[in-house]
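Fold and contact review
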Amino acid sequence: MTFIYNYLLTKQHLNVVISSTYSSKEQINQKFMRSMTMKNLTIIIFCIYQLSAVTVHASENPNHLNDINKHRLVIGIVVDQMRHDYISKYWNKYSDDGFKRMVREGFSFDDTHFDYMPTNTGPGHASVFTGTTPSIHGIMDNSWFDPNLRRSIYVTEDSTVMSVGTHTDAGKMSPIFMLSSTISDELRLTTNFRSKVVSISLKDRGAILPGGHTGDAYWFDSTTGHFITSTYYRNELPVWLDVFNRDNHVGRLLSNDWITLLPIETYVESIEDNNPYEGTFRGMESPTFPYKLPELVKNSGPGLIASTPFGNDLLVELAKSAITGETLGVNDVTDMLIISFSSPDYIGHRFGPSSIEVQDTYLRLDQSLAELFKYVDDYIGHENVLYFITSDHGAAYNTNFLSDRNIPTGSLVRREIHSELTDYTTRKYGFDPILHLGSSQIFLDLKKIDDHNLKASEISRDLSIKLLEFEGIAGALTYEDLLFNNYSDQIRQAVQKGFNAQRSGQVLFWLKPNWFSSLRRTGTTHGTAWNYDTRAPLIFFGWNIKSGNTTIRSSITDIAPTLANILGISYPSGNTGSPLNHFMNY
């Protein structure tokens, strides 16, 4: 009370003291107290209490300062094609030590979205770790058309580097097309590259993009069954990875049949095992358990493991080897391990989100995560590790599955759209100006248009209007629309955030909800700006994170700046996300 009284006297009512004609402190105090009403005093005391509480918190627990030395290891987990509802949908069958532990002990952002399109693996991983969208980081899709080269380029292709760890071309990869730094780059820059960053995945793009421009990345060569890298990173594999490859983990994991973890009749959250909405493996007549992997691998080779839940087990084993091999988390600065689980995507595409196969994959992944958590707990202690888990995109239900249940849906075929648009432009202009149609974009032949003394902007406008005549197309915007306008509605904003002025086409379009851009009869796909593709799980777990959740909407691009604030490092160079630290009590 003495502190508050003196604070009020010296700070809030300095004017009383200055203007007072009283000469003694006692006289000043008497006048001041008579001027205060109980209501005003209560309000000011409350305000001072709040200020003092903040001051005490900042001095006693300055989490925003020097945390680069407090978190010994950050583990970022991306589950490829994980829909947000997979946590609640399978909740009753998860163990206590995997997903449930993360939800129970961590902080969950329950309305997190990718706020751009296309929602695919390449841009998804880039957006999580750069804190921005394709409009800035430049990763437009898993591949995109280059009008100068007149061909599509793959997101991580790099002809200037060589494979390391394989005789195949699977290692000719690097992050050269990514235009922003990542949170992993910023960590290494802050510590003068003393921090170690290791990024692993079955997919090359799942390892390369999160690892950034300065970390180490290792991915799976489906031909040899080994994890590899490229000369962009190093000239030979580290010893620990050579040992891992020689141990033949793939052969061991594919030596048994894939049967359901629990009795198959208990998988009531999924549809019947044998149904017309699922694809299956080559050599099988129906998509039904058991899957005899020792027989199937004879046709598919070691790459088969990516399409089974045991690809997740393989990655956990690799993560453990990386932790010990690189001595992650036992250095004097923070290290980072990034794990992108690719198998759920391969399995999801083949079987679809309503399948027993997808459910069993997540029940098994739950156990794999529990194993990882226990290993790390024993190795460096749970209090020294900060985890986050999210995905790179969601997935749609199969169109035939939806149609049979009277839910509006449909499919378009790009080549049919292209054919009709070619007929239209040839009749209207006397020639075909379309250079390429793909990934919901149209690229025009600008030189040909100029040779005919026409304007690309006018042809783009005509095409954007013509596209609306197709039943499944919801909208279209031109290059000029996206370059000069600011949109407020969610879908057009998503299209704009996926638009890159140097790499995008002249017309971008999007489909109606639950429409596919191909006649995919089985399994699923993704890529749209609708909720089933954009909503992702996001949980921070470990270290000092307290249990909690919020349903206030957040963006996947918010992850990187949130991590930066926790670690006390700079945001990635192209960051446009907003930090979420104020939600979490740590």
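Conventions used here
- Residues numbered from 1 in each chain as written.
- Predicted model: local features only at pLDDT ≥ 70, side-chain atom pairs only at ≥ 80, totals over all residues.
- Heavy atoms only, no water.
- Helix = DSSP H or I, 4+ residues; strand = E, 2+ residues; numbered from the N terminus.
- Buried < 20%, exposed > 50% of the residue type's maximum accessible area, 1.4 Å probe, protein only.
- Contact = heavy atoms within 4.5 Å.
- Axes fitted to C-alpha atoms, helices over the stretch in contact; angles between N-to-C directions.
- Parallel < 35°, antiparallel > 145°, perpendicular 65-115°, else oblique.
- Left-handed = near helix turned anticlockwise from the far one by under 90°.
- Nonpolar A, V, L, I, M, F, W, Y, C, P; charged D, E, K, R; others polar.
- Polar contact = N/O pair within 3.5 Å; in protein donor to acceptor, adjacent residues only side chain to side chain.
- Phe/Tyr/Trp six-rings, centres within 6.5 Å; stacked < 30°, edge-to-face > 60°.
- Lys NZ or Arg CZ within 6 Å of the ring centre and 35° of its normal.
- Pairing = 2+ DSSP bridges.
- Salt bridge = Lys/Arg side-chain N within 4 Å of Asp/Glu carboxyl O.
- Core = buried A, V, L, I, M, F, W, Y, C linked by side-chain atoms within 4.5 Å.

**Focus on the overall build of the protein chain**
For the protein chain, the count of helices and strands is 24 helices and 21 strands. Classification of the 586 residues of the protein chain by burial places 58% in the buried group. By sequence separation, contacts in the protein chain at least 24 residues apart represent 73% of the contacts at least 6 residues apart.

**Some thoughts on the packing of helix α15 (residues 343-351) against helix α16 (residues 356-380)**
With their axes 9 Å apart at the nearest point, α15 and α16 run at an angle of 165° to one another. With respect to their mutual orientation, α15 and α16 come out roughly antiparallel. Handedness of the α15/α16 crossing: left-handed. Between α15 and α16, the contacting residues are Pro344, Ile347, Gly348 and Phe351 on the first element and Glu357, Val358, Thr361 and Tyr362 on the second. Counted by class, the contact of α15 with α16 contains 5 nonpolar, 2 polar and 1 charged residues.

**Observations regarding the side chain of serine 343**
When you line up the elements, serine 343 lands in helix α15. At a separation of 3.0 Å, a polar atom in the side chain of serine 343 contacts the main-chain carbonyl oxygen of alanine 306. At 3.2 Å, the side chain of serine 343 forms a polar contact with the backbone oxygen of threonine 308. If sequence neighbours within four positions are ignored, serine 343 has contacts with Leu202, Ile305, Ala306, Thr308, Gly311 and Asn312.

**Digging into the packing of aromatic side chains**
Taken as a whole, this structure holds 34 aromatic pairs when the rule is applied. Where phenylalanine 109 meets phenylalanine 540, the ring centres are 6.1 Å apart and the plane angle is 85°; that geometry is what we call edge-to-face. Here phenylalanine 109, found in strand β2 (residues 107-109), pairs with phenylalanine 540, found in strand β19 (residues 539-542); they are 431 residues apart in sequence, far enough to count as distant. For the pair formed by phenylalanine 109 and phenylalanine 540, the shared burial category is buried. On the numbers, 6.5 Å between centres and 85° between planes, the contact of tryptophan 258 with phenylalanine 351 is edge-to-face. Taken as a pair, tryptophan 258 in the loop between α12 (249-253) and α13 (293-300) and phenylalanine 351 in helix α15 lie far apart in primary sequence, 93 residues in all. Phenylalanine 351 matches tryptophan 258 in its accessibility class, with the two residues each being buried. Each member of the aromatic cluster is reached from another via a ring pair, and the members are Phe107, Phe109, Phe129, Phe388, Phe540 and Phe583. Its guanidinium or amino end placed over the ring of tyrosine 346, lysine 203 lies 5.2 Å from that ring's centre, counting from NZ or CZ.

**Some thoughts on the environment of arginine 234**
Structurally, arginine 234 is set in the loop between β9 (226-230) and α11 (239-246). Setting aside residues up to four positions removed in sequence, arginine 234 forms contacts with Val164, Asp216, Tyr218, Thr229 and Glu326. Within the local environment of arginine 234, its side chain forms a polar contact with the side chain of aspartate 216, the two groups lying 3.3 Å apart.

**Quick look at the sheet that holds strand β11 (residues 385-391)**
Ordered in space as β6-β9-β8-β7-β10-β1-β11-β19-β2-β20, the 10 strands form an open sheet in which the pairing is mixed. In this open sheet, the two edge strands, each paired with only one partner strand, are β6 (163-164) and β20 (548-550). With 7 bridges connecting them, strand β1 (residues 73-79) and strand β10 (residues 335-341) associate as parallel partners. Counted as the bridge partner of isoleucine 77 is isoleucine 339 from β10. The sheet contacts of α11 involve β8 (216-221) and β9, and relative to β9 the element is tilted by about 145°.

**A word on the pattern of salt bridges**
Evaluation of the coordinates by the stated rule reveals 23 salt bridges. The salt bridge involving glutamate 269 is made with lysine 93; its shortest N-O contact spans 2.8 Å. One end of the pair, glutamate 269, is in the loop between α12 and α13; the other, lysine 93, is in the loop between α5 (85-89) and α6 (99-105), with 176 residues separating them in the sequence.

**A closer look at unusual backbone geometry**
The step from methionine 117 to proline 118 runs through a cis peptide bond, and the omega angle for that step is 10°. The topology assignment puts proline 118 in the loop between β3 (112-113) and α7 (121-130). Backbone geometry places serine 440, a non-glycine residue, at a positive phi of 60°. A positive phi angle, close to 45°, is found at tryptophan 543, a residue other than glycine.

**Some details on α7**
α7 sits mainly inside the fold: 10 of its 10 residues count as buried. Regarding α7, the residues found buried are Thr121, Gly122, Pro123, Gly124, His125, Ala126, Ser127, Val128, Phe129 and Thr130. Positive backbone phi, at 75°, marks glycine 131, one or two positions downstream of α7.

**A look at the nonpolar core**
One broad trend across soluble globular proteins is that nonpolar side chains are buried collectively. Counting residues in each nonpolar core, the largest one holds 64 residues, and the members touching the most others are Ile77, Leu337 and Tyr362. Sort the elements by how many residues they give to this core and α16 lands first, with 10 residues. If sequence neighbours within four positions are ignored, tyrosine 362 has contacts with Val79, Asp80, Gln81, Met82, Tyr86, Tyr90, Tyr94, Phe99 and Pro344. Phe109, Tyr116, Phe129 and Ala564 belong to the second-largest nonpolar core, a separate cluster that totals 31 residues.

**A word on the sheet that holds β3**
Spatial ordering of the open sheet is given by β18-β3-β21, a layout of 3 strands whose pairing is mixed. In this open sheet, the two edge strands, each paired with only one partner strand, are β18 (535-536) and β21 (554-555). Relative to β21, β3 runs parallel, the two being bridged by 2 bridges. Looking at the pairing, threonine 112 lines up with serine 554 of β21.

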